[in-house]
Amino acid sequence: MMKIKKVDLFLTSMKLVQPFRTHQETVADRQSILVKVTDDEGHSGWGEVVAFSSPWYTEETIETAWHMLTEFFIPTIIQGEWKSPREVNEALSRWKRNQMAKAGIEMAVWDLFAKRDSVSLAEYIGGVRKEVKAGIVVSMDSPERMLSTIESRIIEGYERIKVKIDPTNDYEMLKVIKDAYPDIALLADANSAYSLKDVERLKNLDSLKLLMIEQPLAADDIVEHAELQKILSTPVCLDESIVSLHDARNAIKLGSCKVMSIKIGRVGGLANAIDIYNLCEEHDIPVWCGGMLETGISRAFHIALASLPNFTIPGDLSASSRYWEQDVIIPEVVVEHGNVKVPEGPGIGFKVDETFIEQITKRKATFHA
Ligand SMILES: [Mg+2]
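Residues numbered from 1 in each chain as written. Predicted model: local features only at pLDDT ≥ 70, side-chain atom pairs only at ≥ 80, totals over all residues. Heavy atoms only, no water.

Per an unreviewed UniProt entry, the protein chain is named o-succinylbenzoate synthase, and its organism is Sutcliffiella horikoshii. UniProt annotates the protein chain under Sequence similarities (unreviewed entry) with the comment "Belongs to the mandelate racemase/muconate lactonizing enzyme family. MenC type 2 subfamily." According to its UniProt record, the protein chain has this under Cofactor (unreviewed entry): "a divalent metal cation". (UniProt positions renumbered as here; feature names shortened; annotations may be inferred.)

Turning our eyes to something else, we now look at the UniProt feature "active site" (unreviewed entry) in the protein chain. The UniProt entry lists Lys 164 and Lys 263 under the feature "active site" (unreviewed entry), expressed in the numbering used here. Examined against the element boundaries, Lys 164 turns out to sit in strand E7 (residues 160-164). Assessed through its relative accessible area of 7%, Lys 164 is described here as buried. What Lys 164 contacts, discounting residues up to four positions off in sequence, is Phe 20, Arg 21, Thr 22, Val 137, Val 138, Met 140, Met 173, Asp 189 and Asn 191. At a separation of 2.8 Å, a polar atom in the side chain of Lys 164 contacts the side chain of Asp 189. Residue Lys 263 is classed as buried on the basis of its relative accessible area, which comes to 3%. In contact with Lys 263, not counting residues within four places along its chain, are Tyr 57, Asp 239, Gly 290, Gly 291, Met 292 and His 302. (Helix = DSSP H or I, 4+ residues; strand = E, 2+ residues; numbered from the N terminus. Buried < 20%, exposed > 50% of the residue type's maximum accessible area, 1.4 Å probe, protein only. Contact = heavy atoms within 4.5 Å. Polar contact = N/O pair within 3.5 Å; in protein donor to acceptor, adjacent residues only side chain to side chain.)

Now for the nonpolar core. By size, the foremost hydrophobic cluster in this structure holds 132 residues, and its most contacted members are Val 7, Ile 33, Val 163, Ile 165, Met 260 and Leu 305. Among the elements that make up this core, the one with the highest residue count is helix H3 (residues 99-116) (eleven residues). Both domain 1 (2-118 + 352-368) and domain 2 (123-341) contribute no fewer than three residues apiece to this core. Contact partners of Ile 33, with chain neighbours within four places excluded, come to Leu 9, Phe 10, Leu 11, Gly 47, Glu 48, Val 49, Ile 62, Ala 65, Trp 66 and Leu 69. Formed by six residues, the second largest nonpolar core is a distinct cluster that contains Leu 187, Met 212, Cys 237 and Ile 313. (Core = buried A, V, L, I, M, F, W, Y, C linked by side-chain atoms within 4.5 Å. Domains from an automatic or database assignment.)

Attention now goes to the coordination of the magnesium ion. Reference values for angles at a metal are 109.5 degrees in the four-donor tetrahedral case and 90 or 180 degrees in the six-donor octahedral case. Distances from the magnesium ion to its protein donors, Asp 189 (OD), Glu 214 (OE) and Asp 239 (OD), fall within 2.1 to 2.4 Å. Considered as a linear motif, the donors of the magnesium ion on their single chain read D-x24-E-x24-D. One end of the pair, Asp 189, is in strand E8 (residues 185-189); the other, Asp 239, is in the loop between strand E10 (236-238) and helix H9 (245-254), with 50 residues separating them in the sequence. An identical accessibility class is assigned to Asp 189 and Asp 239; each is buried. (Donors = N, O, S within 2.8 Å, 3.2 Å for Na, K, Ca; no water.)

This part takes up the domain arrangement of the protein chain. Segmenting the protein chain into domains produces domain 1 (2-118 + 352-368) and domain 2 (123-341). Placing the centre of domain 1 and that of domain 2 at their C-alpha centroids yields a distance of 23 Å. Counting residues at the interface gives 42 residues for domain 1 and 46 residues for domain 2. Carbon and sulfur atoms make up 67% of the area that domain 1 and domain 2 hide from each other, which totals about 3,700 Å². Contact with domain 2 buries surface across domain 1, with Phe 20, His 23 and Tyr 57 losing the most and accounting together for 18% of the total. Put simply, domain 1 and domain 2 have one salt bridge between them. A salt bridge links Asp 275 to Arg 86; its shortest N-O distance comes to 3.0 Å. Inspection of the region where domain 1 meets domain 2 yields 17 residue pairs in polar contact (both at pLDDT 80 or more). Every element with two or more residues in the side of domain 1 that touches domain 2 is listed here: strand E1 (2-21), strand E2 (26-39), strand E3 (44-49), helix H2 (85-92), H3 and helix H12 (354-360). The element contributing the most residues to the side of domain 1 that touches domain 2 is H3, with eleven residues. (Buried area = accessible area lost by both parts, 1.4 Å probe. Salt bridge = Lys/Arg side-chain N within 4 Å of Asp/Glu carboxyl O.)

Right under this line is the structure:
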């Protein structure tokens, strides 16, 4: 049995090495909530809320997450005795949605349990891979600048490149990239920039033989995605549409996608991410790990998750230096020959740099049992 004695929240802000542009929002200063959970034996686990400052990706923001954590989620779990991280996940499920806020604290509990057992988080959840394939997301830019960025990434060893598209910037830009690098695994993420009115436009992308097109339609267009997938030969991958196991089940039943991206924050925690992973495996749906412009803490969780055997497609798993001058973990995440090593130390397997976290913290709160 584990008793939570203390929870610390750190609202942090870090500048991205390069502002990240999608059709909806440009992120330059990345706010996060880092969550530290300490048990009665003095072990600590870390988690991260990956909501953005504005609600462009999902409806959550850093401030809504702060509110949910401080008013509801922390009070729900701080007095309890817990047998497993799943029990904590179930206790939080009495509250509706707010997946990223829930995930932030649930992740910290997983890290804590793995540390109590002195095993790596990867091993704790049944991971088998010693290293996972890296992938990179390239910010929207002029075709020339994107090509030069992609060239640098290929030299660094990345074998899977993802670009953001919208109806003003799709076929031509993708064609330029495909012509320059015909063998690269290229995927296009639309972040819901299209509707079924754009079917012809999307159909036109089939000739480019993309690895997949990610989230072309709106998050709640699960039926429309099924219609679209019937028309497209390019596999549709769902991201924003899948925030729960229930969503994943519906998408598979309807044929709304051929691939799924799993992000621990988006689906409300690691337990839910593993449930969705298992469901996809049962239905032969390949999965990969998404990224959230997150710090090394959330990335460490995604590295552990991606060590499960059915993560067959390289995820948005990139080096810390692609995002940050300095990461909050030691050592930082590095990519070698297109791979990231899965750490073997207890829990997330990285040391959390609390001195640095104090420096980037804008607001702090501590809760005692
Ligand atoms: Mg996406």
